[in-house]
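Per-entry structural report
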Amino acid sequence: MDKWKWLLRIGSFLILLGFFMPAVLVSCNAGFVEPVQSVSLAQMAEYLDTPFLYILPILSIVAIVLSFLQSGGGSQSLAMLWGQLAVLVIQILTLVIQIFSLISKVRSGTFNTVKVTPTIGTFFIIGSAALYLVAWINEKRNFTASPEAPFVYNETLVMEKENQPISPPPPPPFPPNYAPGGRADNLRLQPYLVVLAGGLQQRKIQIDSDNFSVGRATLSQIHLEDPSVSRNHAVFRVSQGVWFIQDQESRGGTFVNGVRTDAIRLNDGDEIGIGPYKFQFRLPPNYS
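Residues numbered from 1 in each chain as written. Predicted model: local features only at pLDDT ≥ 70, side-chain atom pairs only at ≥ 80, totals over all residues. Heavy atoms only, no water.

Points about the nonpolar core
It is characteristic of soluble globular proteins that their nonpolar side chains tend to be buried jointly. Grouped together as the largest cluster of nonpolar side chains are 31 residues, with contacts concentrated most on Val-24, Leu-41, Met-44, Leu-53 and Leu-56. Going through the elements one at a time, α1 (2-18), β1 (22-28), α2 (41-47), α3 (55-69), α4 (75-109), β3 (114-118) and α5 (120-141) are the ones with two or more residues in this core. Ranked by residue count, the leading element in this core is α4, at nine residues. With residues up to four places along the chain from it excluded, the contact list for Val-24 reads Gln-37, Ser-38, Val-39, Met-44, Ile-99, Leu-102, Val-116, Thr-117, Pro-118 and Thr-119. Core analysis: the next-biggest nonpolar cluster, separate from the first, contains 23 residues, Phe-212, Trp-243, Ile-264 and Ile-272 among them. (Core = buried A, V, L, I, M, F, W, Y, C linked by side-chain atoms within 4.5 Å. Buried < 20%, exposed > 50% of the residue type's maximum accessible area, 1.4 Å probe, protein only. Helix = DSSP H or I, 4+ residues; strand = E, 2+ residues; numbered from the N terminus. Contact = heavy atoms within 4.5 Å.)

Below you can see the structure in the form of structure tokens.
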């Protein structure tokens, strides 16, 4: 879900913000008065000769960029998701190693008269990392929702038709006594699909009933085995002689003429994309 991607981006941004917050508290306990100074990771990188700390904000930007590049599914998007986890691990390891290294150097170099203590900035980054990790885990579940195979989406988008509606309203109610294709002699008057891509054996598929289903489920009227197709992916519906296609909250989406849609009226010649499969919706010449 997109909300987890945005939560992951927020976590990355907060880690970036924590880089400029007071991360350690430097105090001297050699006298009666204990001077205290807060130092951010940015100051540590600039003044204490630890330029490696700059990798924290750089990696935060990398994680945000990867989340925007990641779209749909497939091996490439999954690799980007694992890359975002690698970014988080490197950031936390860098933070912990640098702070403990600083504490050790200061204590040994000042004979334990100066101590370094992690403060709000360090804990802010750790909390942001925890938020980041929660978002990453939930985002990862989107790729493993199917027990059969990882989600792979290979659909190639085509140019959107001029004035094509992107989010049309759902079709009107269906008459209870309407059953298109109820008689065999009327099948030739019903719409059909021409298979354009996807490797199906059939080249022409008749749509012979209302609620004509497409999906990976074995009971679907059009059974598509590719793992990018949801079990109940889409249905063809008809109302008063007008045909629609409705997406059934599929992971990969249903595309008509290259535009992802929830529900849309179909016209003769429209191209439908479901996973790697492409169909052309055709109406017979005498259809009414």
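Still more ground to cover, so stick around.
Quick word on the sheet that holds strand β11 (residues 259-261)
Pairing within the open sheet is antiparallel, and its six strands lie in the order β5-β4-β14-β13-β10-β11. One side of each edge strand has no neighbouring strand; the edge strands of this open sheet are β5 (204-206) and β11. In this sheet, neighbouring strand axes are inclined to one another by 35° on average, regardless of whether the strands run parallel or antiparallel. (Pairing = 2+ DSSP bridges. Axes fitted to C-alpha atoms, helices over the stretch in contact; angles between N-to-C directions.)

What about the packing of aromatic side chains?
Throughout the structure, instances matching the rule amount to five aromatic pairs. A ring pair is formed by Phe-19 and Phe-20, whose centres lie 5.1 Å apart and whose planes are at 90°; its orientation type is edge-to-face. Residue Phe-19 is classed as buried on the basis of its relative accessible area of 1%. Taken together, a centroid distance of 6.0 Å and an interplanar angle of 50° make the contact between Phe-19 and Tyr-54 tilted. Within this pair, whereas Phe-19 is found in the loop between α1 and β1, its partner Tyr-54 is found in the loop between α2 and α3, the two being separated by 35 residues in sequence. In this structure an aromatic cluster arises from ring pairing among Phe-19, Phe-20 and Tyr-54. Above the face of the Trp-6 ring, Arg-9 is positioned so that its terminal group lies 4.5 Å from the ring centre. A cation over a ring is seen here: Lys-204 above Tyr-192, with NZ or CZ 4.2 Å from the ring centre. (Phe/Tyr/Trp six-rings, centres within 6.5 Å; stacked < 30°, edge-to-face > 60°. Lys NZ or Arg CZ within 6 Å of the ring centre and 35° of its normal.)

What to know about the confidence of the model for the protein chain
Scored by pLDDT, the protein chain has a mean of 78; 78% of the residues are at 70 or more. Contacts for the low-pLDDT stretch residues 145-163, under 50 throughout, to residues beyond four places or in other chains number 47 contacts. Here residues 171-185 scores under 50 on pLDDT; set against residues more than four positions off or in separate chains, the count is 21 contacts. (pLDDT = per-residue confidence, 0-100.)

Considerations on the pairing of strand β14 (residues 277-282)
The pairing of strand β4 (residues 192-197) with β14 spans five bridges and is antiparallel. Note that in β14 the partner of Val-194 across the bridge is Gln-280. Sheet topology note: the strand β13 (residues 271-274)/β14 ladder contains four bridges and is antiparallel. Bridge pairing in β14 places Ile-272 opposite Phe-279.

Brief notes about the side chain of Asp-270
Looking at where Asp-270 falls in the secondary structure, it is placed in the loop between β12 (263-265) and β13. Among the polar contacts made by the side chain of Asp-270, one reaches the side chain of Asn-257 at a distance of 3.2 Å. (Polar contact = N/O pair within 3.5 Å; in protein donor to acceptor, adjacent residues only side chain to side chain.)

Focus on unusual backbone geometry
Positive phi, close to 60°, is recorded for Asn-211, a residue that is not glycine. We classify Asn-211 as partly exposed; its relative accessible area is 42%. A positive phi angle, close to 55°, is found at Gln-240, a residue other than glycine. Its place among the elements puts Gln-240 in the loop between β8 (234-239) and β9 (242-247).

Some thoughts on the sheet that holds β12
Strand order in the open sheet made by the five strands is β7-β6-β8-β9-β12, with mixed pairing throughout. The open sheet terminates on both sides in strands that have one partner only, identified here as β7 (222-223) and β12. Note: strand β6 (residues 212-215) against β7, two bridges, orientation parallel. Across the sheet, Val-214 pairs through a bridge with Ile-222, a residue of β7.

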